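Listed below, chain by chain, are the residues.
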Amino acid sequence: QVQIVESGGGLVQPGGSLTLSCTASGSIFSIFSMGWYRQALGKERELAASIANDGTTHYSDSVQGRFTISRENTKLTVYLQMGNLKPEDTAIYYCYGDLRASEYDPGTHYWGQGTQVTVSS
């Protein structure tokens, strides 16, 4: 059983910073990528940032230059450092992991439960 657990959301003022954490645990054979989607009220879920197994990172245009994704050497924990936050960054942030639970698993997309980030004065 694989679990994806996020932490670190909260309320922050515009221009402030916040760091989200996400840890994958359980039966994990290998990881293709991990990252963060976000969904604002009334909008579709969008990919904010991701990091592939080889360390390649990807950012959406809306967060490029303000957010940084990183991970621990184990590759099971990823961080999203968010800077110069704007009200439009307000959303539920969902961590995901694309990984294999066993050698027989071709790959499965797992979601965390989500963490609320609110940017407001």
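Scroll up to find the structure this text is about.
Quick summary incoming for the structure in this document.

Conventions used here
- Residues numbered from 1 in each chain as written.
- Predicted model: local features only at pLDDT ≥ 70, side-chain atom pairs only at ≥ 80, totals over all residues.
- Heavy atoms only, no water.
- Pairing = 2+ DSSP bridges.
- Helix = DSSP H or I, 4+ residues; strand = E, 2+ residues; numbered from the N terminus.
- Axes fitted to C-alpha atoms, helices over the stretch in contact; angles between N-to-C directions.
- Core = buried A, V, L, I, M, F, W, Y, C linked by side-chain atoms within 4.5 Å.
- Buried < 20%, exposed > 50% of the residue type's maximum accessible area, 1.4 Å probe, protein only.
- Contact = heavy atoms within 4.5 Å.

**Re the sheet that holds strand 3 (residues 18-26)**
No. 1: The four strands lie next to each other as 1-3-8-7, forming an open sheet whose pairing is antiparallel. Of all strands in the sheet, those bounded by a partner on one side alone are strand 1 (2-7) and strand 7 (67-71). Averaged over neighbouring strand pairs, the angle between their axes works out to 15° when direction is ignored.
No. 2: Pairing geometry for strand 7 and strand 8 (residues 77-82), over five bridges, is antiparallel. Each residue of the ladder has a partner; that of threonine 68, found in strand 8, is glutamine 81.

**Observations regarding the nonpolar core**
No. 1: In terms of nonpolar packing, the biggest core is built from 26 residues, with Trp36, Leu80, Met82 and Tyr93 touching the most fellow members.
No. 2: Breaking this core down by element, the ones donating at least two residues are strand 1, strand 3, strand 4 (30-39), strand 5 (46-52), strand 7, strand 8, strand 9 (91-100) and strand 11 (115-119).
No. 3: When sequence neighbours within four positions are dropped, the list of residues in contact with methionine 82 reads Gly16, Ser17, Leu18, Leu20, Arg66, Phe67, Tyr93 and Val117.

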